[in-house]
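Residue-level structural notes
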Amino acid sequence: MSISKYGLNTICTHVGEIKDQQFKGAVSPIYMSTSYEFEDVDVKRYPRYFNTPNQEFTSKKIAALEHAEAGMLFGSGMAAISTVFLAFLKHGDHIVVQNTLYGGTSNFIREEFPKYGIEFTFTDGYEVSDFEAAIRPNTKLIHIETPSNPLLTITDIKGVADLAKSKNLITTIDNTFASPVNQNPIDFGIDIVMHSATKYLGGHSDILAGAIACSDAHMKIIWNVAKNLGGSLSDMTVWMLERSMKTLALRVNAQNRNAKKLAKYLEKHEDVKQVFYPGLKTHPQYELAKSQMKGFGGMMSFELADGLDAMAFQKALKLIKSSMSLAGVESTVLSPHKTSHSLLTQAERDAMGVSDNLIRFSVGIESKKDLIDDIEQAINKVKNASYVS
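Quantities reported herein were computed from a predicted structural model and do not represent experimental measurements.

This next bit is on the overall build of the protein. Across its full length, the protein holds 14 helices and 12 strands. Taking 389 residues into account, the globule formula puts the C-alpha radius of gyration at 21 Å, and the protein, at 21 Å, falls close to it. Summarising its shape, the C-alpha atoms of the protein cover approximately 75 × 55 × 35 Å along the three principal directions. Counting only residues that meet the buried cut, the protein has 59% of its 389 residues in that class. Considering only contacts within the protein whose residues lie at least 6 apart along the sequence, 73% involve residues at least 24 apart. Working note: accessible area of the protein is about 16800 Å², and carbon and sulfur atoms make up 53% of it.

Shown next as structure tokens:
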């Protein structure tokens, strides 16, 4: 049967596995060698060339999940993003970048692009018209992120892709927050999809990795730069990623259900000022999100009511962990201004709407009741402390 005919869980479980021809094991063997035969072989394999057996086969799973011709794995999400940018941009070129996105990406653009003579413009908003207004004669690429980190804004994927095609521009998207389970941007015309595989693809908060998916033609261009930059991934981590992705759809769908319930609970809470979640009908881009997403994801952000200390609340949580990353099976919270967006200035964060009181919430697979109970006791503890003081 063609891969395109497989269901999502079948792709997660079987595509990209290496058959153990010698011992008939049920899971892919690990090929840890960094040195391979070079004569009388079809492929000259080398880890930095992204083509060891585990790298090659797990990339097939990435490609299948994103409806792409090819996939590639990297040592981190930032290794993937930076390599793609440098593969298609050179001195004198210009990139249009969505104004609300992962702080590490923003920082890379602001810190590194001037060294290369690459020009950039962050959009004023995230409507298609905002991207069109930012295009210059030397623009080569448009980069978006939807849902965005950490405000969960939604960008019209097809609208941006159509605009780019009309101008002969390349499009890239950070699809980390959605995961391939909830969103497949290539189906809407995006050229290159990027992931921090540390997040949903890995899903267990125990690996660092990045991934991209695109056409064979674009992959050749990216590979030529990637082999020079050297941001490849160890085969042990590749094996762990492939193993983890077997349960990707099961995990993400469970997180989708939990997050929607938690978002509705928080939205009605008297001690919560605002909730940012595309699955809420009150979200300004709810209809757009529904049109391009299969599920609304496990990520949200919220602000407590005025007078309640966000950091005190996080410290009071007993079950939900205060943690730097996201998308593990365990629920976590963090303050973007102290973590993902800490490299930006206060003025830059204010312009993006990332307040010091914003809490990013990565919803896990725990019982909904247990998560709500933990939030309630933490809010009550903070309220009592505020009342006493």
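Let us keep going from here.
Another aspect to go through is the pairing of strand β1 (residues 70-74). Of all 5 residues in β1, 5 are buried, a share of seventy percent or more. Strand direction decides the pairing type here: β1 and strand β7 (residues 210-214), joined by 5 bridges, are antiparallel. Within β7, the position partnered with L73 by the bridge is A211.

This part takes up unusual backbone geometry. Look at the link from T146 to P147: it is a cis peptide, with omega at -10°. The peptide bond linking N149 to P150 adopts the cis configuration, its omega dihedral lying at 5°. In this structure, K24 takes a positive phi of about 60° despite not being glycine. Relative to the helices and strands, K24 is located in the loop between α1 (8-14) and α2 (53-65). Taking the relative accessible area as the measure of exposure, K24 reaches 59% and is therefore exposed.

Now for helix α4 (residues 103-116). With 14 residues, α4 extends 20 Å between its outermost C-alpha atoms, agreeing within 8% with the 20 Å of an ideal straight helix rising 1.5 Å per residue. The largest bend in α4 comes to about 25°, at R110, with the proline P114 one to four residues further on. Residues of α4 that are buried in the fold lie against α3 (77-88), β2 (94-97), β3 (119-122) and β4 (139-145). G117 lies just past α4 and shows a positive phi near 70°.

What follows is about the nonpolar core. The biggest cluster of nonpolar side chains holds 53 residues, and the ones touching the most others in it are I142, I144, L201, L241 and L248. Listing elements by their share of this core, those giving two or more residues are α1, α2, α5 (128-134), β4, α6 (157-166), β7, α9 (235-245) and α10 (248-267). Excluding residues that lie within four positions of it along the chain, I142 makes contacts with V96, F131, I135, V160, L163, A164, L169, I170, T171 and T172. Counting 35 residues, the second largest nonpolar core, distinct from the first, contains Y265, Y277, I372 and V382.

Scanning the model with the defined rule gives 10 aromatic pairs in all. Considering the side-chain rings of Y46 and Y49, the 5.7 Å spacing of their centres and the 75° angle between planes classify their relative orientation as edge-to-face. Look at Y46 and you get partly exposed, because its relative accessible area is 38%. Residue classification places Y49 among the partly exposed positions, given a relative accessible area of 31%. Their ring planes at 70° and their centres at 5.8 Å tell us that Y49 and W223 sit as a pair that is edge-to-face. With Y49 in the loop between α1 and α2 and W223 in helix α8 (residues 216-229), this residue pair connects regions lying 174 residues apart in the sequence. A cation over a ring is seen here: R110 above F122, with NZ or CZ 4.1 Å from the ring centre. A cation over an aromatic ring shows up here: K227 above the ring of W223, its NZ or CZ 5.4 Å from the ring centre.

A contiguous nonpolar surface patch, about 260 Å² in accessible area, is contributed by I30, M32 and M236. Position of I30 relative to the elements: it lies in the loop between α1 and α2.

This brings us to the sheet that holds β1. Sheet architecture is open: 7 strands sit in the order β1-β7-β6-β5-β4-β2-β3, paired in mixed fashion. Of all strands in the sheet, those bounded by a partner on one side alone are β1 and β3. For this sheet, the mean angle separating the axes of adjacent strands, direction not counted, is 20°. Relative to β4, β2 runs parallel, the two sharing 4 bridges. The residue bridging I95 from the neighbouring strand is L141, located in β4. Sheet contacts for α8: β1, β5 (170-174), β6 (192-196) and β7; angle to β1, the most-contacted strand, approximately 25°.

The rules we used
Residues numbered from 1 in each chain as written. Predicted model: local features only at pLDDT ≥ 70, side-chain atom pairs only at ≥ 80, totals over all residues. Heavy atoms only, no water. Helix = DSSP H or I, 4+ residues; strand = E, 2+ residues; numbered from the N terminus. Rg over C-alpha atoms; globule rule 2.2 N^0.38 Å. Buried < 20%, exposed > 50% of the residue type's maximum accessible area, 1.4 Å probe, protein only. Contact = heavy atoms within 4.5 Å. Areas by Shrake-Rupley, 256 points an atom, 1.4 Å probe, with all protein chains shown as cover. Pairing = 2+ DSSP bridges. Expected span 1.5 Å × (residues − 1). Bend = angle between axes of the 7 residues up to and from the residue. Core = buried A, V, L, I, M, F, W, Y, C linked by side-chain atoms within 4.5 Å. Phe/Tyr/Trp six-rings, centres within 6.5 Å; stacked < 30°, edge-to-face > 60°. Lys NZ or Arg CZ within 6 Å of the ring centre and 35° of its normal. Patch = residues over 30% accessible without salt bridge, like charges linked within 9 Å, V, L, I, M, F, W, Y side chains within 5 Å. Salt bridge = Lys/Arg side-chain N within 4 Å of Asp/Glu carboxyl O. Axes fitted to C-alpha atoms, helices over the stretch in contact; angles between N-to-C directions.

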